[in-house]
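Structure at a glance
Residue strings, one per chain:
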Amino acid sequence: MPRLTFLDPTGTTRGLIGALPGPLPSLEGRVVAILNNRWKSMDLVAERFEIALRRDHGVRDVLQRTIPISAAAPTALLDEVGERAELAVVGLAN
């Protein structure tokens, strides 16, 4: 007898920890994280974002990190970004 396997694509949420922060008045001196899911064009997008962030916005540092394709970022990575960066760009380029 054939069997069917049902896959549930929904994930779990971490829940809202507090109020969302407002916009940053400037990126000058800030640390920005770029989370790259390694889709075809995201490597190029991430590289160009970093150049522009450093050249045009005076960021202090850019943390480039790789996240899994089509999966949630590991909790440890999200914790690192939350501790070290003041904002993050999450890449889904294709």
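All figures in this text were calculated on a predicted structure; none of them were measured in a lab.

What the rule picks out here adds up to seven salt bridges. Ionic pairing is found between Arg65 and Glu80, a salt bridge with its closest N-O pair at 2.8 Å. Taken as a pair, Arg65 in strand β2 (residues 61-66) and Glu80 in helix α2 (residues 75-84) lie far apart in primary sequence, 15 residues in all. Taking relative accessible area as the criterion, Arg65 reaches 23% and is therefore assigned partly exposed. The partner of Arg84 in a salt bridge is Glu80, with the nearest N and O atoms 3.0 Å apart. Here Arg84 pairs with Glu80, and both are found in helix α2, just four residues apart, close to one helical turn. When its relative accessible area of 42% is taken as the criterion, Arg84 is described as partly exposed. Glu80 gets classed as partly exposed once you look at its relative accessible area, which sits at 22%. Each of Glu50, Arg54 and Asp61 takes part in a single network of salt bridges with overlapping partners.

Before going further, it helps to spend a moment on the pairing of β2. One ladder, built from six bridges, connects strand β1 (residues 31-36) with β2; its direction is parallel. Across the sheet, residue Asn36 finds its bridge partner in β2, namely Thr66. Remark: the β1/helix α1 (residues 42-57)/β2 crossover connection has right-handed handedness.

We now examine the confidence of the model for the chain. Looking at the chain, the pLDDT average stands at 87 and 95% of residues meet or exceed 70. When the elements of the chain are averaged for pLDDT, strand β3 (residues 87-90) gives the smallest value, 90, and β2 the largest, 95.

This next bit is on the sheet that holds β1. Reading across the sheet, the three strands line up as β2-β1-β3 and stay open at both edges, with parallel pairing between neighbours. A strand with exactly one partner marks an edge of an open sheet, and here the two such strands are β2 and β3. Strand-to-strand, the axes of this sheet are offset by a mean angle of 20°, without reference to chain direction. As paired strands, β1 and β3 are joined by four bridges and run parallel to one another. When the sheet's bridge partners are listed, Val32 is paired in β3 with Leu87.

Examined against the element boundaries, Arg30 turns out to sit in the segment before β1. Arg30 sits 31 residues away from Asp61 along the chain, and the two C-alpha atoms are 6.9 Å apart. Apart from residues no more than four positions distant in its own chain, Arg30 is found in contact with Leu24, Pro25, Val59, Arg60, Asp61 and Glu86. Of the polar contacts made by the side chain of Arg30, one reaches the backbone oxygen of Ser26; its length is 3.2 Å. Among the polar contacts listed, one links the side chain of Arg30 to the side chain of Glu86, at a separation of 2.9 Å.

About the cut-offs
- Residues numbered from 1 in each chain as written.
- Predicted model: local features only at pLDDT ≥ 70, side-chain atom pairs only at ≥ 80, totals over all residues.
- Heavy atoms only, no water.
- Salt bridge = Lys/Arg side-chain N within 4 Å of Asp/Glu carboxyl O.
- Helix = DSSP H or I, 4+ residues; strand = E, 2+ residues; numbered from the N terminus.
- Buried < 20%, exposed > 50% of the residue type's maximum accessible area, 1.4 Å probe, protein only.
- Pairing = 2+ DSSP bridges.
- Right-handed = clockwise from strand over helix to strand, strands pointing away.
- pLDDT = per-residue confidence, 0-100.
- Axes fitted to C-alpha atoms, helices over the stretch in contact; angles between N-to-C directions.
- Contact = heavy atoms within 4.5 Å.
- Polar contact = N/O pair within 3.5 Å; in protein donor to acceptor, adjacent residues only side chain to side chain.

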